[in-house]
Amino acid sequence: MATLLLSAVGTALGGPLGGAIGALAGRAIDGVVFGGRRGEGPRLKELASTTSTYGDVLPRHFGRMRVSGAIIWATDFVEHRESQGGGKGRPSVTTYSYTASFAVALASRPIAAIGRIWADGNLLRGESGDLKVGGTLRLHPGWGDQTPDPLIAAAEGLDRCPAWRGTAYVVFEDLELGDFFNRIPALTFEVIADPGAFSLQDLVDPTVAEAAVPLPGIAGLTCDGPVAEVLRQLDPMLPCPRPPSRSRMGTSAGSVAAPAGARRCPGRRRRSCATMTWTATINRASSARRGAWRASSHGP
């Protein structure tokens, strides 16, 4: 108000030069009376984050794989406000930044570690384990004695917080979102499920001794369906085994006969023979374990 009034008076008395002097004087008076101008940076109107869909299949990973995972828990975005400038007639600017805390499930079996992490295709976590933006990362490898994450337990309550035993997942705490347009980015993880080489026995069942067959040339594998389907995919690489005669799957389960067709197959039948052999081995081992469980549970 004083800027307009003194500018008009100065112009009437001193022409353009008087108007400029009057505008400066009026701006100083307005700054003292009304305070400096305030500007605001971009601000989100919706602070709720997006979560994943129920019913998605959580696969098992073997070896070293690059996977995306699924968000299983998240908080709303947290808004951080910071004002800069102001005072002595200078305008102040308020900027807003956002952080998010969320958990991402990676595998339905225990893993050894995670390596690099990419966010929207850019490196978020390097080989040394440091995050390129602010925030904290925790890994829960998915073993049977896994405890609830402290952040999730504090937010949901310890009695309502699952430990997700048997599920490998990571928790991001207060991850800064400024580099990702204030949203949770598309994340991919380098999952190190098995630090060394893995075999067919890791895929089917550790108790199936006949499946201790190495898988040379395969650095990683993802299984999100029945084991028989995985065997069908691996069929061109599987050697057709010759199990030892009269093999036993364990003293408690009794003896299990060697699967039919376990001899080395000639020519074109080698692939189908491998699949049939391993499928029969798995089925017989599962039946033997079920029989042993019934005997130990129900007694004679």
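### Here's the deal with the overall build of the protein
For the protein, the count of helices and strands is five helices and eleven strands. Across the 300 residues of the protein, 37% fall into the buried class. Taking all contacts inside the protein whose residues are at least 6 apart in sequence as the whole, residues at least 24 apart take part in 66%. Carbon and sulfur atoms provide 56% of the accessible area of the protein, an area that totals close to 17,900 Å².

### What about the packing of aromatic side chains?
Taken as a whole, this structure holds four aromatic pairs when the rule is applied. An angle of 45° between the planes, with centres 6.3 Å apart, marks the rings of Phe172 and Phe189 as tilted. Here Phe172, found in strand S9 (residues 168–176), pairs with Phe189, found in strand S10 (residues 187–192); they are 17 residues apart in sequence, far enough to count as distant. Classification of Phe172 as buried rests on a relative accessible area of 0%. Within the aromatic cluster, the residues linked to one another by ring pairs are Phe102, Phe172 and Phe189. Taking the ring centre of Trp118 as reference, the NZ or CZ of Arg66 above it sits at 3.7 Å.

### A closer look at helix H4 (residues 227–234)
Taken residue by residue, H4 has Val230, Leu231 and Leu234 as its buried positions. Angularly, the buried residues of H4 cover 100° about the axis, an arc narrow enough to put them on a single face.

### Looking at unusual backbone geometry
Phi is positive for Asp120, close to 55°, though the residue is something other than glycine. Considering the arrangement of structural elements, one finds Asp120 in the loop between strand S6 (113–119) and strand S7 (122–125). Under the relative-accessibility criterion, Asp120 is labelled partly exposed at 31%. Phi angles above zero are rare outside glycine, and Phe181 is one such case at about 60°. In this fold, Phe181 is placed in the loop between S9 and S10.

### With respect to the nonpolar core
Soluble globular proteins tend to pack their nonpolar side chains together in the buried interior. Of all hydrophobic cores here, the largest spans 28 residues; its most connected members are Phe102, Leu106, Ile111, Leu124, Phe172, Leu187 and Phe189. Secondary-structure elements contributing two or more residues to this core are strand S5 (92–107), S6, S9 and S10. If we skip the residues at most four places from it in the chain, Leu106 touches Leu58, Pro59, His61, Gly69, Ile111, Ile114, Ala168, Tyr169, Val170, Phe189 and Val191. Core analysis: the next-biggest nonpolar cluster, separate from the first, contains 15 residues, Val204, Ala211, Val213 and Val230 among them.

### A few points about the side chain of Gln146
Mapped onto the elements of the fold, Gln146 is located in the loop between strand S8 (136–140) and helix H2 (150–156). A polar contact of 2.6 Å, which involves the side chain of Gln146, links it to the backbone nitrogen of Gly142. A polar side-chain atom of Gln146 sits 2.9 Å from the main-chain carbonyl oxygen of Trp164. When residues no more than four places from it in sequence are discounted, the contact partners of Gln146 are His140, Pro141, Ala163, Trp164, Arg165, Thr167 and Tyr169.

### What about the pairing of strand S11 (residues 220–223)?
Alternating positions in S11 separate cleanly, Leu221 and Cys223 being buried on one face and Gly220 and Thr222 remaining unburied on the opposite face. Direction of pairing for strand S2 (residues 60–67) relative to S11: antiparallel, over a ladder of four bridges. The residue bridging His61 from the neighbouring strand is Thr222, located in S11.

### Considering the confidence of the model for the protein
Of the residues in the protein, 60% have a pLDDT of 70 or more, and the chain-wide mean is 76. Throughout residues 242–271 the model reports pLDDT below 50, and contacts reaching past four residues in sequence, or to other chains, amount to 44 contacts. Low pLDDT, under 50, characterises residues 292–300; the predicted model gives this stretch four contacts beyond four residues in sequence or across chains.

### Some words on the environment of Ala103
Looking at the secondary structure, you find Ala103 in strand S5. Separated by 69 residues in the primary sequence, Ala103 and Phe172 have C-alpha atoms spaced 6.2 Å apart.

What counts and how
Each residue is numbered by its place in its chain's sequence as written, counting from 1. Thresholds applied to this predicted model are a pLDDT of at least 70 for local features of residues and 80 or more for the giving and counting of side-chain atom pairs; totals over whole chains, interfaces and linings are not thresholded and use all residues. As a rule here, side-chain values come from all non-hydrogen atoms in the structure, and water together with hydrogens is ignored. Put simply, DSSP marks the helices as runs of H or I at least four residues long and the strands as runs of E at least two long, and each gets a number from the N terminus on. The buried label goes to any residue with under 20% of its type's maximum accessible area, the exposed label to any with over 50%, and the partly exposed label to all in between, with areas taken from a 1.4 Å probe on protein chains only. Here, two residues are considered to be in contact whenever any of their heavy atoms come within 4.5 Å of each other. Per-residue accessibility takes into account occlusion by the displayed protein chains alone, with areas from the Shrake-Rupley method and a 1.4 Å probe. Two rings belonging to Phe, Tyr or Trp (six-membered ring only in the last case) form a pair when the distance between their centres is within 6.5 Å. Interplanar angles under 30 degrees mark stacking, angles over 60 mark edge-to-face geometry, and anything in between is tilted. We call a charge positioned over a ring when the NZ of a Lys or the CZ of an Arg lies within 6 Å of the ring centre and within 35 degrees of the ring normal. Think of it as the arc spanned by the lines of direction from the helix axis to the C-beta atoms. What makes a nonpolar core is a set of buried Ala, Val, Leu, Ile, Met, Phe, Trp, Tyr and Cys residues whose side-chain atoms join them at distances within 4.5 Å. The term polar contact refers here to a pair of N or O atoms within 3.5 Å; inside protein, the definition further demands a hydrogen-donor-capable atom paired with an acceptor-capable atom, and it admits residues adjacent in sequence only when both atoms are side-chain atoms. For two strands to be treated as a pair, DSSP must find no fewer than two bridges joining them. In predicted models, pLDDT denotes the confidence assigned by the predictor to each residue on a 0 to 100 scale.

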